[in-house]
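Letter by letter, the chains look like this.
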Amino acid sequence: MPIVTSLILLPIVGALLLFALRDDEANEGLIRNVALGISLLVFAGTLVLWAQFDPSSADFQMVERHAWIPAFGITYAVGVDGISLLLIVLTGFLTPLALLCSWESIHKKTRAFCMFVLLLESAMIGVFVSLDLFLFYVFWDAMLIPMYFLIGIWGYDQRIYAAVKFMLYTMAGSVLMLVAILGLAYLHSVAQGSYTFDLEKLYALEIPVRTQMWFFLAFALAFAIKVPLFPFHTWLPDAHVQAPTAGSVILAGVLLKMGTYGLVRFAFPLFPVA
């Protein structure tokens, strides 16, 4: 299996293995060890990816493309460049640390906790390797679900308030970004006669300046909320304070980087004039 896809699938396989284990006190140690082992395998995979990466090339590397929903030009397209590579390694490095720092503090629903951490890791890696805007959006929103539950179940006193606030803020920006993504596919169909969400093809698309302005605002709002930039930052203190330690580690270490990554990967190159 290609290495990029394996990095996405391995945490999902780990979560399924945990689901097959009985969630009781007798199995708690086994559950933790399986989750930690899977996360360490993913980290080792990110190091292999780094070793195979050619730093002299600015092109996307380890690219995989497979038809997904051909009628709408949607493909499973993933790849790595110098920007995403270090963020993938960072994700692989912090996930085992997040599990380790919760070793003694999380004893309620341990299996579910470890499953959500692994699923979150898979979605985060998916965000960084997506070269199809529809695939990117799927991972971008899928990432919210495990974090919502990590805050809402294993957080502190105001955890439900913080989790709902985190979800509402992020989803509000995501919906506008989805409209812009669909708009880009439509503009490509007008110009080229076919829909596509392929990032490299959309980079080359000529977009009218006024349209660029609106689309850029939609993308930039979604990413500004995730950074978060003022005045869209008010969800962050609540989420950080109420999240369990593992949630705070991942939130500060990886999730907050995604807003800037999105601006650099999508908003700026797609809408350069805006």
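Everything below is about the structure printed above this text.
If you're wondering where the values come from, they're calculated on a predicted model, not measured in any experiment.

Novice: Is there a simple way to think about unusual backbone geometry in this case?
Specialist: The phi angle of most residues is negative, glycine excepted, and most peptide bonds adopt the trans form. Residue Pro228 is reached from Val227 by a cis peptide bond, and omega for that bond is -10 degrees. Tracing the backbone shows Pro228 in the loop between helix H9 (209-226) and helix H10 (235-242). Notably, Met62 is not glycine yet its phi reads approximately 50 degrees, a positive angle. With respect to the helices and strands, Met62 occurs in strand E1 (residues 61-69). Phi at Lys109 is positive, roughly 50 degrees, even though this residue is not glycine. We classify Lys109 as partly exposed; its relative accessible area is 49%.

Novice: Before we go on, may I ask you to explain the pattern of salt bridges in this structure?
Specialist: Where charged atoms of side chains with opposite charge meet at close range, the side chains can pair. Tallying each qualifying case throughout the model produces five salt bridges. Two residues, Asp198 and Arg65, come together in a salt bridge whose shortest N-O distance is 2.4 Å. Here Asp198 is found in the loop between helix H7 (159-192) and helix H8 (199-203), whereas its partner Arg65 is found in strand E1, with 133 residues between them in sequence. Asp198 sits in the buried class, given a relative accessible area of 8%. On the accessibility criterion, Arg65 (38% relative accessible area) is partly exposed. Ionic pairing is found between Asp238 and Lys165, a salt bridge with its closest N-O pair at 3.0 Å. Taken together, the residues span a long stretch of sequence, with Asp238 in helix H10 and Lys165 in helix H7 at a distance of 73 residues.

Novice: Is there a simple way to explain the packing of aromatic side chains in this structure?
Specialist: Within a pair of aromatic rings, the relevant descriptors are the distance that separates the centres and the angle that separates the planes. Applying the stated rule across the entire model yields 19 aromatic pairs. Between Phe43 and Phe93 the ring centres are 5.7 Å apart and the planes differ by 55 degrees, which places this aromatic pair in the tilted class. Remark: Phe93 occurs in helix H3 (residues 82-100) and Phe43 occurs in helix H2 (residues 28-52); sequence separation between them is 50 residues. Connected via pairs of aromatic rings, a cluster forms that spans Phe128, Phe136, Trp140, Phe215, Phe219, Phe223, Tyr261, Phe266 and Phe271. When the ring centre of Trp140 is taken as reference, the NZ or CZ atom of Lys226 above it lies at 5.1 Å.

Novice: Explanation requested: the side chain of Ser130 in the structure shown.
Specialist: Take Ser130: it is sitting in the loop between helix H4 (110-129) and helix H5 (133-142). Here Ser130 falls in the buried class, since its relative accessible area comes to 0%. One polar contact links the side chain of Ser130 to the main-chain carbonyl oxygen of Gly126, over a distance of 2.5 Å. Those residues in contact with Ser130 that sit more than four places away from it in its chain are Ala77, Val78, Leu135, Phe136 and Phe139.

Novice: When you look at the packing of H4 against H5 in this model, what are you seeing that I'm missing?
Specialist: Across the interface, H4 lies against H5 with an axial gap of 8 Å and an inter-helix angle of 150 degrees. What the angle tells us is that H4 and H5 run roughly antiparallel. In this structure, the crossing between H4 and H5 has a hand that is left-handed. Residue-level contacts link Ser122, Ala123, Gly126 and Val127 of H4 to Phe136, Phe139, Trp140 and Ala142 of H5.

So, how was this worked out
Residues numbered from 1 in each chain as written. Predicted model: local features only at pLDDT ≥ 70, side-chain atom pairs only at ≥ 80, totals over all residues. Heavy atoms only, no water. Helix = DSSP H or I, 4+ residues; strand = E, 2+ residues; numbered from the N terminus. Buried < 20%, exposed > 50% of the residue type's maximum accessible area, 1.4 Å probe, protein only. Salt bridge = Lys/Arg side-chain N within 4 Å of Asp/Glu carboxyl O. Phe/Tyr/Trp six-rings, centres within 6.5 Å; stacked < 30°, edge-to-face > 60°. Lys NZ or Arg CZ within 6 Å of the ring centre and 35° of its normal. Polar contact = N/O pair within 3.5 Å; in protein donor to acceptor, adjacent residues only side chain to side chain. Contact = heavy atoms within 4.5 Å. Axes fitted to C-alpha atoms, helices over the stretch in contact; angles between N-to-C directions. Parallel < 35°, antiparallel > 145°, perpendicular 65-115°, else oblique. Left-handed = near helix turned anticlockwise from the far one by under 90°.

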